[in-house]
Every structure is written in C-alpha cells, then in structure tokens.
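Letter by letter, the chains look like this.
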Amino acid sequence: MAFELPTLPYAKDALAPAMSAETLEYHHGKHHNKYVNTLNDLITGTEYEGQSLEEIIKATAGKADKKGIFNNAAQHFNHSFFWTCMTPGGGGKPTGDLARKIDESFGDYDSFRKKFAAEAGTHFGSGWAWLVADGNALKVISTHDAEDPIHMGLKPIITCDVWEHAYYIDYRNERPKFIDAFLDKLVNWDFAARQL
Ligand code: FE2
C-alpha cells in the first residue's frame, strides 16, 4: 500500500500564533505531501514497495545510489514525528519520569533547554534538532537535511524541524524565535514521555 500524508493531530489554526495555519498549510500540505508522493513514485516497482517506512530508511541509509529514496522516506518519517511533537498549549517544563530523566542527563531543565536551543539555533543549513535516548541517557543532537536517528541506534523523543520552510512565514530569518516558541509553547511532553 502506498504511503499517505498523515492527518494533523490538531486543527491547522490550533498552534497559532506560535505556528500559523499558513505555515501548516505549506509545511504539511505542500512540503510533507511532496515527500510522500515522491517516495511513492520512487519505490513503485522496486524491492522497497510494501516495506515499512523504518525498513526503507534502514535499508537505504548511507547508500549513494538510494539517496533519493532515503531522503524522501526519512523526510516522511521526520515530518510525521514532528507533527506529533507539538500540541496546542504545549511547551514549558515536562513532569514525571521524563522530567527526572532530563535532570539526570542534563543537570536540570534549564540546562537541557539551553542545549536544545543552541543545537537547533546554530545548526548550519537545513536539518533537524532532536532529543534522543541513547540507551539510558538522553542526548541533544542535530542531523543534516533528511538524516534521522532511527538508523543510528538512537530513539527519537522530540524533534524540531529547522529547515527554513518550518519557520520562514512566521519568523522570517529569526530561527531562534521559532525555537523559543517551539520549546515554550508547542512541545508535546506527553507524547515525548510515551517515547521513553
Ligand atoms: Fe519540514
């Protein structure tokens, strides 16, 4: 069965003003949709048709001749994950086990926040900032372009898209303002806690 664009888990205007309906119309409806359609076109009639997204990502990662399939599969995975990392009225400090885990790994929430904001804000060019689980420890990393952690033995907990298409309509060139809004107003910590 062909891959499909997932429905957003909230209304298009539900994240405004931190993320506008116009951003979601373009980012979800056009950019993400294009990755899904291109992936379906690229895998039709190949050994990858019928495989799961994770199988395709793991099988094509690092293979120069499969770069197109990898990029579109990983972008489909990353964007699907990203939409679920946000919720209306989200952001701020997590609670419970996740909060304890963040304290253990980074010292305290403010240290984690500083690290994530710096990684996301200074990542050069297009890519993704991630909170990942590496065994028992949580880490902040960033990946370039479509790269994602699932073929690196890391478990994604939270991601923030730092491609310009994620924030240019709402924040123009000011990526750090978008990162602040993501952390303070959008992050879905309940979803993050379920990934542990
Ligand atoms: Fe994106």
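Predicted model, so just to flag it, every value in this text is computed and none were measured.

A. Quick peek at the packing of aromatic side chains. Evaluation of the coordinates by the stated rule reveals 14 aromatic pairs. Both rings, one in Phe77 and one in Phe81, keep their centres 6.0 Å apart while their planes meet at 10°; by these two values the pair is stacked. With a gap of four residues between them, Phe77 and Phe81 both fall in helix α3 (residues 67–84), about one helical turn apart. In this structure Phe81 comes out as buried when scored by relative accessible area, which is 9%. Residues Tyr171 and Phe178 carry aromatic rings whose centres are separated by 6.0 Å and whose planes lie at 45° to one another, so their mutual orientation is tilted.

B. Looking closely at the domain arrangement of the protein. Domain assignment breaks the protein into domain 1 (21–84) and domain 2 (96–195). Between the C-alpha centres of domain 1 and domain 2 there is a distance of 20 Å. Taken together, the contacts link 20 residues of domain 1 with 24 residues of domain 2. Summed over both sides, the interface between domain 1 and domain 2 buries roughly 1,800 Å², with carbon and sulfur atoms accounting for 68% of that surface. On the domain 1 side of the interface with domain 2, the three residues burying the most area are Thr23, Phe81 and Phe82, jointly 32% of the side's total. Taken together, the links from domain 1 to domain 2 amount to zero salt bridges.

C. Spatial organisation of the sheet that holds strand β1 (residues 127–134). Ordered by their spatial adjacency, three strands build an open sheet running β2-β1-β3, and the pairing between neighbours is antiparallel. Both edges of this open sheet fall to β2 (137–144) and β3 (155–161), since each of them pairs with a single strand only. Each strand axis lies, on average, 20° off the axis of its neighbour in the sheet, ignoring direction.

D. Here's a closer look at the coordination of the iron ion. Surrounding the iron ion are the protein donor atoms His27 (NE2), His79 (NE2), Asp161 (OD) and His165 (NE2), at 1.9 to 2.1 Å. Taken in sequence order, the residues that donate to the iron ion follow the motif H-x51-H-x81-D-x3-H. Placement of His27 in helix α1 (residues 21–43) and of Asp161 in strand β3 is noted, with a sequence separation of 134 residues between them. On the basis of relative accessible area, Asp161 is assigned to the buried category, the value being 0%.

E. Summary view of the nonpolar core. With 63 residues, the main nonpolar core has Phe112, Phe116, Ile158, Phe182 and Trp189 as its most contacted residues. Looking at this core, the element that brings in the most residues is α3, giving eight residues. Summarising the domain contributions, this core has at least three residues from each of domain 1 (21–84) and domain 2 (96–195). Apart from residues lying up to four places away in sequence, Ile158 is in contact with Phe81, Cys85, Phe116, Ala129, Trp130, Leu131, Phe182, Val187, Asn188, Trp189 and Ala192.

Cut-offs used in this document
- Residues numbered from 1 in each chain as written.
- Predicted model: local features only at pLDDT ≥ 70, side-chain atom pairs only at ≥ 80, totals over all residues.
- Heavy atoms only, no water.
- Phe/Tyr/Trp six-rings, centres within 6.5 Å; stacked < 30°, edge-to-face > 60°.
- Helix = DSSP H or I, 4+ residues; strand = E, 2+ residues; numbered from the N terminus.
- Buried < 20%, exposed > 50% of the residue type's maximum accessible area, 1.4 Å probe, protein only.
- Domains from an automatic or database assignment.
- Contact = heavy atoms within 4.5 Å.
- Buried area = accessible area lost by both parts, 1.4 Å probe.
- Salt bridge = Lys/Arg side-chain N within 4 Å of Asp/Glu carboxyl O.
- Pairing = 2+ DSSP bridges.
- Axes fitted to C-alpha atoms, helices over the stretch in contact; angles between N-to-C directions.
- Donors = N, O, S within 2.8 Å, 3.2 Å for Na, K, Ca; no water.
- Core = buried A, V, L, I, M, F, W, Y, C linked by side-chain atoms within 4.5 Å.

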